[in-house]
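# Architecture and fold: a report
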Amino acid sequence: MMQWLCLKFSELSTNQLYQLLQLRVDVFVVEQNCPYPELDDKDHHPDVYHLLAYQDEKIIACARLLAPGISYPQVSIGRIATAKANRQGGLGKQLLNNALQQCEQHWPQQDIQIGAQVYLINFYQSFGFKRHSPDYVEDGIPHLDMLLLK
């Protein structure tokens with residue numbers, strides 16, 4: 001059975017923090033062969049939430065929810081990741097649905113901007129996100145900004 005938690009940095013246990021960072025490094029640094037500064041001083045901001053999906057006491061998916069003005073003028077969702085062993089079963093869709101619900105709860109009726117990897121454009125468009133920038137390269141990976149208007 002899956003459990004969802006949405007916590008501020010100060011509410012994370014040391015074990016939760018370790019598992020969260022391990023998942024993000026596994027996905028964004030190791031799998032994508034992309035050395036970049038994963039720790040960017042946003043995780044511990046007082047207006048940032050960490051959405052965690054747990055199964056059998058292990059984090060299998062995560063997303064970072066940021067208040068307006070931290071990454072973009074709008075609310076933002078970032079560091080969206082699912083564990084490699086848990087992909088292809090719809091977990092990514094559940095994760096983004098939960099992230100959107102949490103954003104609505106914390107920042108009602110606010111637009112949401114994301115920096116998405118280009119290969120995921122159709123996935124995000126299926127949730128109503130629209131292209132908001134030309135493609136650009138970030139840390140060696142093609143990205144684009146996308147916006148969900150409320």
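Residues numbered from 1 in each chain as written. Predicted model: local features only at pLDDT ≥ 70, side-chain atom pairs only at ≥ 80, totals over all residues. Heavy atoms only, no water.

Further remarks concern the side chain of Arg24. By secondary structure assignment, the location of Arg24 is in helix H1 (residues 14–31). For Arg24, the contacting residues outside a window of four places in its chain are Val29, Glu38, Asp43, His50, Cys62, Arg64 and Arg79. (Helix = DSSP H or I, 4+ residues; strand = E, 2+ residues; numbered from the N terminus. Contact = heavy atoms within 4.5 Å.)

Another point: the pairing of strand E8 (residues 141–148). Most of E8 is tucked away, with 7 of its 8 residues classed as buried. Strand direction decides the pairing type here: strand E5 (residues 112–117) and E8, joined by 6 bridges, are antiparallel. In the strand pairing of E8, Ile112 is matched with Leu148. Judged from the 2 bridges that link them, strand E6 (residues 130–131) and E8 form a sheet pairing that is antiparallel. Across the sheet, the residue bridging to Lys130 is Leu147, located in E8. Sheet topology note: the strand E7 (residues 136–138)/E8 ladder contains 3 bridges and is antiparallel. The residue of E8 that forms the bridge with Val137 is Pro142. Between E7 and E8, which pair antiparallel one after the other, the connecting turn spans 2 residues, and Asp139 there sits at a positive phi close to 55°. (Buried < 20%, exposed > 50% of the residue type's maximum accessible area, 1.4 Å probe, protein only. Pairing = 2+ DSSP bridges.)

For the rest of this paragraph, the subject is the packing of aromatic side chains. For the structure shown, the criterion picks out 4 aromatic pairs. Summarising the aromatic geometry, the rings of Phe123 and Tyr124 are spaced 5.1 Å apart at their centres and angled 75° between planes, so their arrangement reads as edge-to-face. Given a relative accessible area of 6%, Tyr124 falls into the buried group. Consider the rings of Phe123 and Phe127, whose centres lie 5.2 Å apart with planes at 65°: the pair is edge-to-face. The partly exposed category is assigned to Phe123, whose relative accessible area is 23%. According to the relative accessible area criterion, Phe127 is buried, its value standing at 18%. (Phe/Tyr/Trp six-rings, centres within 6.5 Å; stacked < 30°, edge-to-face > 60°.)

In this section: helix H2 (residues 91–106). Taking 1.5 Å as the rise per residue, H2 with 16 residues should run 22 Å; its terminal C-alpha atoms sit 22 Å apart, in good agreement. Among the residues making up H2, those that are buried are Leu91, Leu95, Leu96, Asn98, Ala99, Leu100, Gln102 and Cys103. (Expected span 1.5 Å × (residues − 1).)

A few words on the nonpolar core. Counting 30 residues, the largest nonpolar core has Ile77, Leu96, Leu100, Ile112, Ile114, Phe129 and Met146 as the members making the most contacts within it. Counting residues per element, the ones that place at least two in this core are strand E2 (48–55), strand E3 (58–66), strand E4 (75–82), H2, E5, helix H3 (121–125) and E8. With 6 residues, the top contributor of residues to this core is H2. When near neighbours in sequence (up to four residues on either side) are disregarded, Ile114 contacts Tyr72, Ser76, Ile77, Tyr124, Phe129, Leu144, Asp145 and Met146. By size, the runner-up hydrophobic cluster in this structure holds 15 residues, among which are Leu20, Phe28, Tyr36 and Ile141. (Core = buried A, V, L, I, M, F, W, Y, C linked by side-chain atoms within 4.5 Å.)

Here the focus is the environment of Cys34. Inspection of the secondary structure assignment puts Cys34 in the loop between H1 and E2. Spatially, the C-alpha atoms of Cys34 and Gly89 are 25 Å apart, while their sequence positions differ by 55 residues.

The buried fraction of E3 is high, at 8 of 9 residues. Bridge count between E2 and E3: 8 bridges; the pairing is antiparallel. Within E3, the residue paired with Gln55 across the bridge is Lys58. Bridge count between E3 and E4: 5 bridges; the pairing is antiparallel. By the bridge assignment for E4, Arg64 is matched with Gly78.

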